[in-house]
Amino acid sequence: MSRRASQDVTITLVVSAFLIWFLPLMISTYTLTVLVIYGMLGLSLGLIWGFGGILCFGQAAFFGLGAYTYAITAINIGESTLPMILAVLVPAVFAALLGAMMFYGRLTDVYLGVITLVVTLILFKFMNSTAGPQYAIGNARLGGFNGIPGFQTLNVPGDPSAYIWGDTYFYVCALALVIVFLLVTWLLRSSFGRIAVGIRENEVRMGLMGYNVAARKTMLFAIGAAIAGLAGALFANWGEIVTPNLFSLGQSAEIIIWCIVGGLGTRFGPIVGAAGLAYLKFMLGQQSMIDNTLIMGLILVLFVLFLPRGLVPAIETLLNSIIGHKKRKPKPHRMRRARHG
Amino acid sequence: MDLSFVIFVEVLYGVASLVLISAGLAVVFGMMKVINLAHGEFMMMGGYATITAVGYGVNVFVAMLIIAPLVVGLIGLVVERLVIRHLYGRLIDTMLATWGLSLVFIGLATMIFGNTTTGISTPIPGFAFGGYQVNGYNFFIIIVSILLVITMYAILRGTRAGLIARGTMQHSDMASALGYSSDRIYMMTFFCGSALSGLAGAVLAPLVGLVPTSGGAYIAKAFITVIAGGPSLIAGLVSSATSFGLVSQFFTFTISPVIGEVALLIAAVILLRTMPKGITGRFFKGKL
C-alpha cells in the first residue's frame, strides 16, 4: 500500500511537471490559468460527488463565495495573504453549516439537489440586488450585477507591491492544483476517504457499523467547498473582477457537466473534463455558426445516454482490454451515482 | 378596502402563477418520477410558439391555449422517444440529461430567434378599482389556473384514461400485466406534461419579455414547488403553491420584490428541512 502511494505521488509529480512545461508551448498561459482554475473547481465537485455520493447542484455557490470573500477582504486589507486564507475558510464554514443542516436532517439525492440549488439562487439574487451604496462591507461596495472590480490582486506574501501575474501566476495556479490534487489523493487513501466511499456505496450499512455518517458527510462537503473557494479566489485574481454570475445556475451546470464528461469516481476525470470542455468552449467562442450552449447541452445529453461513466474510466477500460491480462487485473471499481428515488 | 382587494388579487395571482408554472413539472414528476429540468425551456418555447403564431395573424387566445400546448407537447413527445425513454428509473441521470436538453433548447432558440427580447402586449386591458389600477390579465391567469386544476382533477379522478394513468403511476408492472402498455402511457403522460408547460409559458408570455434564457427564471420555482408538494399530485401542487405564494407576496408587499423572491427560497429550504418528503408526505396522505 505504501509503495503504491509513493508511486502515485511520483507519477503525479512527473506528469504534472511535464504538463506544466509542455502546455504553455501550445496554449497561452492566460488561457491555461483559467483552465487550471476550472480543473480545481471540477476536482472539488468530483471529490464530494464521485467519492462521497453527494450531488451538489450549487458548487458554484462556494466558488462565488470564495471569490467574493477574497475581493471584499482584499479591498479592506490591501494585501492578499489573509484574503486567500479567508477565501478558503469562509466557504468551508458556510458549507459545514449548510451540510450539517442537510445531513443531520437525513436529506438525500433530489432534496439535497434542490436545497443546494436554492441556496445558490438566493446568493445570486441577493448579490444582484446589492447595487446601492448602502450595501458595503468595510470599504468594499458589493456593486450588484456590476460586481466588484479593482481589488488588490495576488502578491508575494508580506509585500503588497510585488504582484504575481502573467506567466508566474500560471505557475502558482498550476502548483496549487498539484498540491490540492496530492492532498485529495492523500485524503482518499486515508481511512476517512475509504469510509467516505463506503458511505457512498451503502449509507445504512456504514451507519450500522458505528460510523457517524452525517458528521463525515458534512466534513467531506466542507472540504469540497474549501477547494471550490480556493478556486474562486484564484479566479477572482485571474479575472480581476467578481460578478454575481459566478453564482449563476449556468456555472453550477457546467461544473456538473465537467464531472460527468470527465468521469465520476476518478480524481483525473473532473480535471480533464473541466479543462477540456472549458478549452472547447473557448474555441467555440471564436466561431458564431453554432451556438455554444447548444453544443454543451448536446455533449451532456450524449454522455448521459451513451457514456454515463465518463471519459477517463472508459479510456482506462479500453487500455486494459488492449494491454490484455498481462498486468494484474485491477479490482473492479463499482461506481454508482445516488440511488434512484 | 380598495387596497385590501388589490392585495388579495395580487396574492391570488402569486399563487395562481406558481400553480401554472409547476403544473407540467408536477405531472411529469408525480407520475413518472422524471425531474424535467428542461421544463423552463418548454415554457420558453411555449412563449415563442405563441408569439410566432400571433405574428402570422392567429388570434392570441387560440395561439396561447391551443397552438402553444400542441407544439410544445409534440416537442416533448420527440424528446421522450429520443432521450428520456432510455432513462426511466434513473432519477439523477434524467435530471442531467434534461439539463443538457435545456441547454440545447436555449442554443436552438438563440440560433432561430436571436438573443433579443421579444414580447406581445397583454390582450386584456387593465382597469381602475377605487384608487388603484388593476391588471386585468392577472384575472385571466387566476381563472386559467383554477380551470387547469379542476380539469386535471376531473381527468385523473373521473376518466378511464386517468384511472389507467394513476394505476401505472402506482404499479407500472401491474398495469402492464393487465395489458396496458406502460411505455405508451408514459409517452402520453410526458406529452400532457409538456403541453401543460407550453400552456403555462404561453399564458405568461405577455407578462414578460421573452429571451431564449428566460426558462431559467421558472425552473427553480417550479422545481421547488413540485418537490415541496410531495407525492400527491394535485393536493401537493396546490398546497405548496399556496404556502410559497403567500410567503413571497407577503414579503413583496412589506419589504421589496427581491426580498419576496429570497423569502420564497428560504421558505423552501426550511420546509424541505422540516418535511423532507414534502407537504403531502405528512398531510393529506393518500389524496390525489
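Look up a bit, the structure's there.
All values reported here derive from a predicted model rather than from experimental measurement.

**Digging into the overall build of chain B**
In terms of helices and strands, chain B carries twelve helices and two strands. The helix and strand sequence of chain B, counted from the amino end, reads α-α-α-α-β-β-α-α-α-α-α-α-α-α. Rg of the C-alpha trace for chain B: 19 Å, near the compact-globule value of 19 Å for 288 residues, within the 12% margin. Principal axes of the C-alpha set define a box for chain B whose edges measure 65 × 45 × 35 Å. Counting across all 288 residues of chain B, residues that qualify as buried make up 56%. Once the 14 positive and 8 negative side-chain charges of chain B are each reduced to a mean point, those two points are 13 Å apart.

**Considerations on helix α2 (residues 39-55) of chain B**
Spanning 17 residues, α2(B) covers 24 Å between terminal C-alpha atoms, matching the ideal 24 Å at 1.5 Å per step. The positive-phi residue at the C-terminal boundary of α2(B) is G57(B), with phi of around 90 degrees.

**With respect to the interface of chain B and chain A**
Listed per partner, the contact involves 38 residues of chain B and 41 residues of chain A. For the chain B and chain A pair, buried surface summed over both sides reaches about 3500 Å², with 84% attributable to carbon and sulfur atoms. Contact with chain A buries area across many residues of chain B, yet L96(B), W99(B) and R273(B) alone supply 19% of it, more than any other trio. Between chain B and chain A we count one salt bridge in total. Viewed at the interface, chain A and chain B are joined by two residue pairs in polar contact (both at pLDDT 80 or more).

**Focus: the packing of helix α11 (residues 268-284) of chain A against helix α12 (residues 292-306) of chain A**
Residues and elements named next belong to chain A. α12 packs onto α11 with a crossing angle of 150 degrees between their chain directions and a minimal axis gap of 10 Å. When the axis of α11 is compared with that of α12, the two are roughly antiparallel. The hand of the α11/α12 crossing is right-handed. Residues L277, L280, K281 and L284 of α11 pack against N292, I295, M296 and I299 of α12.

**Some remarks on the packing of aromatic side chains**
All names here are of chain B. Summed over all chains, the structure comprises 25 aromatic pairs over all chains. Arranged with centres 5.3 Å apart and planes meeting at 70 degrees, the rings of F61 and F140 form a pair that is edge-to-face. Of this pair, F61 sits in helix α3 (residues 60-82) while F140 sits in helix α5 (residues 136-158); the two residues are 79 residues apart in sequence, bridging distant segments of the chain. Residue classification places F140 among the buried positions, given a relative accessible area of 15%. Its guanidinium or amino end placed over the ring of F29, K33 lies 5.1 Å from that ring's centre, counting from NZ or CZ.

**What to know about helix α5 (residues 109-128) of chain A**
Taking 1.5 Å of rise per residue, 20 residues should cover 28 Å, and α5(A) covers 29 Å from first to last C-alpha, within 8% of that figure. Buried residues dominate α5(A), accounting for 16 of its 20 residues.

Conventions used here
Residues numbered from 1 in each chain as written. Chains lettered and ligands numbered in written order. Predicted model: local features only at pLDDT ≥ 70, side-chain atom pairs only at ≥ 80, totals over all residues. Heavy atoms only, no water. Helix = DSSP H or I, 4+ residues; strand = E, 2+ residues; numbered from the N terminus. Rg over C-alpha atoms; globule rule 2.2 N^0.38 Å. Buried < 20%, exposed > 50% of the residue type's maximum accessible area, 1.4 Å probe, protein only. Lys, Arg positive; Asp, Glu negative; His and termini not counted. Charge placed at Lys NZ, Arg CZ, Asp CG, Glu CD. Expected span 1.5 Å × (residues − 1). Contact = heavy atoms within 4.5 Å. Buried area = accessible area lost by both parts, 1.4 Å probe. Salt bridge = Lys/Arg side-chain N within 4 Å of Asp/Glu carboxyl O. Polar contact = N/O pair within 3.5 Å; in protein donor to acceptor, adjacent residues only side chain to side chain. Axes fitted to C-alpha atoms, helices over the stretch in contact; angles between N-to-C directions. Parallel < 35°, antiparallel > 145°, perpendicular 65-115°, else oblique. Left-handed = near helix turned anticlockwise from the far one by under 90°. Phe/Tyr/Trp six-rings, centres within 6.5 Å; stacked < 30°, edge-to-face > 60°. Lys NZ or Arg CZ within 6 Å of the ring centre and 35° of its normal.

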